[in-house]
Amino acid sequence: MRSRPGVSLVESLMALVITGLLLGVVAGTLEHQNGLVRVQAQRAAFADAVRMTDVVLQGELRWADPAQDVQAVEPESLQVRAVRALGVVCGWQGTATLVRMRGIRRPDPDKDSVLLVPGPAVLPLRGATEAPGACKHAPDEAVYRLALDEPAPRGALLVFERGSYHLAAHAFRYRRGQAGRQPLTEEVLARGRFTPAFEAGAREALATHTESRVNAAGLPGELRVVFANAVATPDTAGGP
Amino acid sequence: MALLITVMLLLALSSLAAGMLWIAAAQNAAASITARHARFRLDMEAAALDAFARWQTPRPRHPVGETWAVDAGTTAESATVLADRLTPTLTLLRVTHIRRTPEGLAAVMRVGLLVRTVQPEELLESFPAALTAGAANLGDGALIDATDPALAPDGWYTVDCPDAGAAALDSLYGGQLPGAAVPDSASVRRDGSSRIRGWPPVLARPGLVPPEQARLGPIPWAAIPDIADLTVRGTVHPAAREVEGRCAVGRPDNWGAPGGVGPCSRYAPVIYAPSGLVVSGGAGQGILVVRGDVKFENGARFYGPVFASGELLVNDSARIVGAARAGTATIRNATIQYRVCPLWRAWSDAPALRRAFRPQGRWWLPDYVRAP
């Protein structure tokens, strides 16, 4: 009697077991790879947050006067004078001060104050209107008529808003005045900390150093921002 | 079936690997941009400091409110520096740094740097009399003279004395100065034929501080060693020194040619002596600052301000034309004559004071690329 072609039950079971094992290995590999990609993506988001924090704070604090502009440093918050425009006094109209100005936004009496340079006088900004042609100015400057409590003397002035940066609720955030804390990064920080290490009386530019640490699982962890005086500039100590 | 599973597996793994590669590449690009940004900013700051270090104009010819281009040096070839004169003593350097990429893109960044210049008017206040001292001992033949302070010194051309000096003197002191300023009138001892001329001859200034606590204009005493053009020790016989028709600037015994017309006539260095000094004849001009005692003898002549922390001894027909300030002073058979012209010339021409200084307080200012 000829045997008919086909598979026996044992063979079928063996095939099923092998297939199952193979699928298990495949699923495991895929899961592992997927986990790696997820960790990599989280690390990338964390690195982006670190870079963003560094760039924003460098832009805000690099040329700040630590004694005047960094007003309070807490582990999770940093209160600063956030400069938004630089102006040079170019004349007066009655009690208003004419200023030729460059900046990242228009001066806004609802938000801004004015710091006179040489200072350290700070005046609230009562009003600001454009005054084209009121002073000679460069093509990339605009002339504004500023209403201050008193006319500003010859010199420069900085238009600034009071704001605070926060390392809280898993993100780097900015808060202007009493408004809410707006996130500037994704919410990927386990925790953050500001550490001042600058000499308040020094006049070097400020360097912010942002350190990041991942946790034992290799996932995003702590962000630590250290402020320090930048490398000393050429010695001109003892000047007037 | 197995082949299908294998292909699917390979596809899945490849997609995951490609995803990770893409993330890594994006991170690498972001890190590279961050590094270039930092380098860009440092280059710009270096250009600002270069312009600051190269500053060589004591009194900008530009009036307050004017803007002019400044030499940006070689640190950053793509940097331009404009100066805004804000006040008589403060100027804002505004650096614009442009970087172009091979792809034709350009990035622009700006920063401002405040610099302080020293004006002769500020220095005039440090010398309120022909002789300012804690105590003065005037022997035979001593003459302290503050009459006609605006006149040119004997032998000097009137055209070499700018009207601005006399105008500043007039504005600050009403054109009249005391011969000697001391803490109280009893601090002056006079013998024999000594004379003090001025209005008044002796002025009591109870609050007079010792030279080491005083300032040379806006510059504190402690800063003078750092900025001095010459450092001298021991005994010096100064005279104008020339090499191949040029003034030998930097030689410790070359103190310029007072009242002369040669190449050293406008050389008036800030001279610092860290441990006392003897000027044994000769002639010179500039700003002489001595830690300790200074002695002028053998007919030595000095034109400009003399600032000594210890005793000022002027003997043997020696002559100071300008003004002197010291801890104590002993003058015998010698003259100290107030003349604003050599003071003004020294303060205007001293290389050490032609530089820019850091102002007090804030000196970096953020600047922006467009109108708000």
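Residues numbered from 1 in each chain as written. Chains lettered and ligands numbered in written order. Predicted model: local features only at pLDDT ≥ 70, side-chain atom pairs only at ≥ 80, totals over all residues.

Undergrad: Mind showing me how you'd approach the overall build of chain B here?
TA: Secondary structure summary: chain B contains six helices and 25 strands in total. A globule of 372 residues ought to have a C-alpha radius of gyration of about 21 Å, yet chain B, at 30 Å, is considerably larger. Taken over the C-alpha atoms alone, chain B extends approximately 125 × 50 × 40 Å along its principal axes. Counting the 372 residues in chain B, one finds 44% classified as buried. Considering only intrachain contacts with a sequence separation of at least 6, the fraction spanning at least 24 residues in chain B is 55%. (Helix = DSSP H or I, 4+ residues; strand = E, 2+ residues; numbered from the N terminus. Rg over C-alpha atoms; globule rule 2.2 N^0.38 Å. Buried ≥ 20, exposed ≤ 12 C-beta atoms within 10 Å, placed from the backbone. Contact = placed C-beta atoms within 7 Å.)

Undergrad: Just checking my understanding: could you explain the overall build of chain A for this structure?
TA: Tallying secondary structure elements over chain A gives two helices and 13 strands in all. The buried share of chain A, taken over its 240 residues, is 32%.

Undergrad: Could you clarify how one ought to interpret the nonpolar core in this entry?
TA: Nonpolar side chains in soluble globular proteins tend to end up buried together. Counting 151 residues, the largest nonpolar core has B:L93, B:A180 and B:I271 as the members making the most contacts within it. Broken down by element, this core gets its largest block of residues, nine residues, from strand 2 (residues 77-93) of chain A. Composition of this core by domain shows at least three residues from each of domain 1 (2-117 + 360-366) and domain 2 (120-354) of chain B. Beyond its immediate stretch of four places on either side in the chain, B:A180 contacts B:A129, B:A130, B:L131, B:A136, B:I144, B:V188, B:I196 and B:V202. (Core = buried A, V, L, I, M, F, W, Y, C linked by C-beta atoms within 7 Å. Domains from an automatic or database assignment.)

Undergrad: Which parts of the structure should I look at to understand the environment of B:I219?
TA: Topologically, B:I219 is positioned in strand 12 (residues 219-220). Considered as a pair, B:I219 and B:E125 are 94 residues apart in the sequence and their alpha carbons are 12 Å apart.

Undergrad: Sorry if this is basic, but what is going on with the interface of chain A and chain B here?
TA: How big an interface is tends to be stated in terms of the accessible area lost upon association of its parts. Counting from both sides, the interface comprises 48 residues of chain A and, opposite them, 47 residues of chain B. Partitioned by chemical class, the residues of the side of chain A that touches chain B number 28 nonpolar, 10 polar and 10 charged. (Nonpolar A, V, L, I, M, F, W, Y, C, P; charged D, E, K, R; others polar.)

Undergrad: Help me understand the confidence of the model for chain A in this model?
TA: Note that predicted coordinates carrying low pLDDT should not be read in detail. Mean pLDDT over chain A stands at 84; residues scoring 70 or higher make up 87%. Long-range and interchain partners of residues 231-240 of chain A, a stretch whose pLDDT sits below 50, account for 22 contacts in this model, where long-range means more than four residues apart. (pLDDT = per-residue confidence, 0-100.)

Undergrad: Is there a simple way to explain the confidence of the model for chain B in this structure?
TA: In the predicted model, chain B carries a mean pLDDT of 89, and 97% of its residues have values of at least 70. Model confidence for the complex: the whole-complex pTM is 0.80, and ipTM, which rates the interface, is 0.80.

Undergrad: Honestly, helix 5 (residues 340-349) of chain B in this entry has me stumped. Any pointers?
TA: Because an α-helix completes one turn every 3.6 residues, residues spaced three or four positions apart along the sequence face the same direction. Among the 10 residues in helix 5 of chain B, 10 count as buried, and that is most of the element. For helix 5 of chain B, the set of buried residues is B:V340, B:C341, B:P342, B:L343, B:W344, B:R345, B:A346, B:W347, B:S348 and B:D349.

Undergrad: What is the right way to look at the sheet that holds strand 25 (residues 364-366) of chain B in this model?
TA: Sheet strands line up and pair through hydrogen bonds in the backbone, either parallel or antiparallel. Residues and elements named next belong to chain B. In spatial order, the strands read 1-2-3-4-25; together these five strands make up an open sheet with antiparallel pairing. A strand with exactly one partner marks an edge of an open sheet, and here the two such strands are strand 1 (67-70) and strand 25. In this sheet, adjacent strand axes meet at a mean angle of 30° when their direction is disregarded. Both strand 3 (residues 90-100) and strand 4 (residues 106-116) contribute to a ladder of 11 bridges, which runs antiparallel. Residue pairing in the sheet places L93 in a bridge with L113 of strand 4. (Pairing = 2+ DSSP bridges. Axes fitted to C-alpha atoms, helices over the stretch in contact; angles between N-to-C directions.)

Undergrad: It is not clear to me how helix 1 (residues 9-61) of chain A should be interpreted in this structure. Could you clarify?
TA: Its 53 residues give helix 1 of chain A an end-to-end C-alpha distance of 76 Å, which sits within 8% of 78 Å, the value for a rise of 1.5 Å per residue. For helix 1 of chain A, every residue scored as buried is listed here: A:F46, A:A49, A:V50, A:T53, A:D54, A:L57, A:E60 and A:L61. (Expected span 1.5 Å × (residues − 1).)

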